[in-house]
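Observations on the model geometry
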Amino acid sequence: MKILTIIGARPQIIKAAALSRAIKKHFIASIQEVIVHTGQHYDTNMSQVFFDEMGIPEPNYNLEVGSASHGLQTAQMISGIEEILEIEKPDYIILYGDTNSTLAGAIAASKIHISIVHIEAGLRSFNKRMPEEVNRILCDHVSTLLFTPTKTGYQNLLNEGFKENEGPFTVDKPGIFHCGDVMYDNSLFFADMAEEKTSILSELNLTNKHFILATIHRDHNTDNPLRLQDIFEALLEIALEKKIKVVLPLHPRTKKKMETLPSELKERVNANTNIQIIQPVSFLEMIALEKNAQLIITDSGGVQKEAYYFHKPCIILRPETEWVEIIEAGTGILVDAEKKKIKEAVNLLLYQTFEFPSIYGDGHAAEFICQKLLDNQKKNQKSIKKKSDVFAV
Ligand code: UD1
Ligand code: UDP
């Protein structure tokens, strides 16, 4: 069986590592993987670093699309992916998450009848102003096999009319599976290596673990100067009042948008030695930071979950989240970008201990997915044979 994997943005490269690892370990004789990098993320520390560190095979193709408006970026990807699909003729295209690279793969493949596998299907924020919400809904509805990381994701698909079917699955009779989270597979696999193989904690003087880890990159936060301003004001006040370091590996989008902050605020951020703004870090470095932080403040989907995997309370800089289990468990609080709410949440969560019931699977989601693909391939071949036998008669 030949699969063609589309990656493009940082979290997709990370997610793809789990499937590539499962193929190498358990399915090398039965699954051939071709990897296409759209080039959506391209800085070394947003892309290459993950291939080097996580043992992901180098991409067979790189479309080098780079940054552009949604329409232009997605259109260039569609055109490039279509060309490659025509050459490679895979049995399945594998799409991760909810980025423009996901949507481009979904449009290109569905129009030329290549079966789509959507990993991280079914998640909904119920906010269609998020580009990601549009991408994930559109992708789900042209997919043949949909793998949800959470029970809520599975239920969302049922609510949208997906049915629990027996295979063989096709685009008109798709199969839905709750399988756990491939990101959890990765976090378990790499957790022990994080401190062994990186020195980020000592480099940043964080070995006393007295720090908060923060990440910000959602367009809703970065592209609205008032929201970005409120977030930075909150971080400054928390660092000052709680006498704690705030470590912020800065996404390139946020780095650019920080230029829109009032210069007086930028000066205060730069002058505060407890605010440590650093370049984006590698996955192992990120895990080392997450495991040792007292608290995580983020608008990232992946970082919210990793906070949960590593039993850290999390403040979510969004009005809503598709990872609702974290809120239900009481280990995460939604604060939008309001300074007052952010500070109140810090008061509630910092230095507190919580229960973190297991909700993201057993760390073997990638193996489960590979097996389902093979099973469906077999069932489809049988059903084609049955039909051709009927015609022969
Ligand atoms: C994208 C995804 C988002 C995901 C995030 C993960 C979409 C619509 N958004 O958002 O869902 O959570 O990736 O990080 O697909 N840039 C660089 N170097 C890079 C990459 C980006 O400088 O290597 C800068 C460019 O100025 C670019 C901006 O970041 O315009 C935004 O990049 P883009 O990929 O469009 O969106 P993200 O905000 O990264
Ligand atoms: N990450 C990383 N280095 C960083 C910031 C994040 O390796 O400096 C990892 C993080 O551990 C998680 C993933 O990137 O696995 C999340 O990606 P991001 O926040 O960019 O996107 P999202 O998950 O919101 O789509």
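In what follows, the accompanying structure is described.

The rules we used
Residues numbered from 1 in each chain as written. Chains lettered and ligands numbered in written order. Predicted model: local features only at pLDDT ≥ 70, side-chain atom pairs only at ≥ 80, totals over all residues. Heavy atoms only, no water. Near = heavy atom within 4 Å. Polar contact = N/O pair within 3.5 Å; in protein donor to acceptor, adjacent residues only side chain to side chain. Areas by Shrake-Rupley, 256 points an atom, 1.4 Å probe, with all protein chains shown as cover. Pairing = 2+ DSSP bridges. Helix = DSSP H or I, 4+ residues; strand = E, 2+ residues; numbered from the N terminus. Axes fitted to C-alpha atoms, helices over the stretch in contact; angles between N-to-C directions. Contact = heavy atoms within 4.5 Å. 1 Å grid on protein atoms, 1.4 Å probe; cavity = no way out; pocket = protein on both sides within 12 Å on 5 of 7 lines; lining within 4 Å. Points joined across faces, edges and corners; volume = space filled by probe spheres on them. Nonpolar A, V, L, I, M, F, W, Y, C, P; charged D, E, K, R; others polar. Phe/Tyr/Trp six-rings, centres within 6.5 Å; stacked < 30°, edge-to-face > 60°. Buried < 20%, exposed > 50% of the residue type's maximum accessible area, 1.4 Å probe, protein only. Salt bridge = Lys/Arg side-chain N within 4 Å of Asp/Glu carboxyl O.

We now examine the site of ligand 2. Contacts to ligand 2 come from 19 residues, most closely from Arg 218, Val 281, Ser 300, Gly 302 and Glu 306. Val 281 is positioned with one of its backbone polar atoms (N or O) 2.8 Å from a nitrogen atom of ligand 2. The contact in question runs from an oxygen atom of ligand 2 to an N or O atom on the backbone of Gly 301, over 2.9 Å. In the complex, the protein chains occlude 95% of the 530 Å² of accessible area that ligand 2 would expose alone.

What follows is about the sheet that holds strand E10 (residues 275–278). Backbone hydrogen bonds hold the strands of a sheet together, and the pairing may be parallel or antiparallel. Strand order in the open sheet formed by 6 strands is E10-E9-E8-E11-E12-E13, and the pairing between neighbours is parallel. The open sheet has two edge strands, E10 and strand E13 (332–334), and neither has a second partner. Between one strand axis and the next, the sheet turns through 20° on average, direction left out of account. Bridge count for strand E8 (residues 211–215) against strand E9 (residues 245–249) is 3 bridges, and the pairing is parallel. Of the residues in E9, the one forming a bridge with Ile 212 is Val 246. Contacts from helix H13 (residues 283–292) reach E8, E9 and strand E11 (295–298) within the one sheet, and its direction differs from that of E8 by about 130°. In the packing of helix H16 (residues 339–349) onto the sheet, the strands contacted are E11, strand E12 (314–316) and E13, and the crossing angle to E12 comes to about 165°.

By the definition in use, this model includes 1 cavity of 30 Å³ or more. Of the residues assigned to the lining of the largest cavity, the class counts are 5 nonpolar, 1 polar and 2 charged.

With that out of the way, let us pick up the packing of aromatic side chains. Counting across every chain of the model gives 11 aromatic pairs. Here Phe 169 and Phe 177 contribute two aromatic rings whose centre-to-centre distance is 5.6 Å and whose plane-to-plane angle is 90°, an arrangement assigned as edge-to-face. For Phe 169, a relative accessible area of 8% translates into the label buried. On the accessibility criterion, Phe 177 (12% relative accessible area) is buried. Arranged with centres 5.8 Å apart and planes meeting at 80°, the rings of Tyr 308 and Tyr 360 form a pair that is edge-to-face. In this pair, Tyr 308 sits in helix H14 (residues 301–309) while Tyr 360 sits in the loop between H16 and helix H17 (365–392), placing the two residues 52 residues apart along the sequence. Note on accessibility: Tyr 308 and Tyr 360 belong to one class, buried. Among the aromatic side chains, those forming a connected cluster through ring pairs are Tyr 184, Tyr 308, Tyr 309, Trp 323, Phe 356 and Tyr 360.

Let us now look at the pattern of salt bridges. By the definition in use, this model includes 23 salt bridges. Counted as one network, the salt bridges with shared partners bring together Asp 98, Glu 133, Arg 136, Arg 318, Glu 320 and Glu 322.

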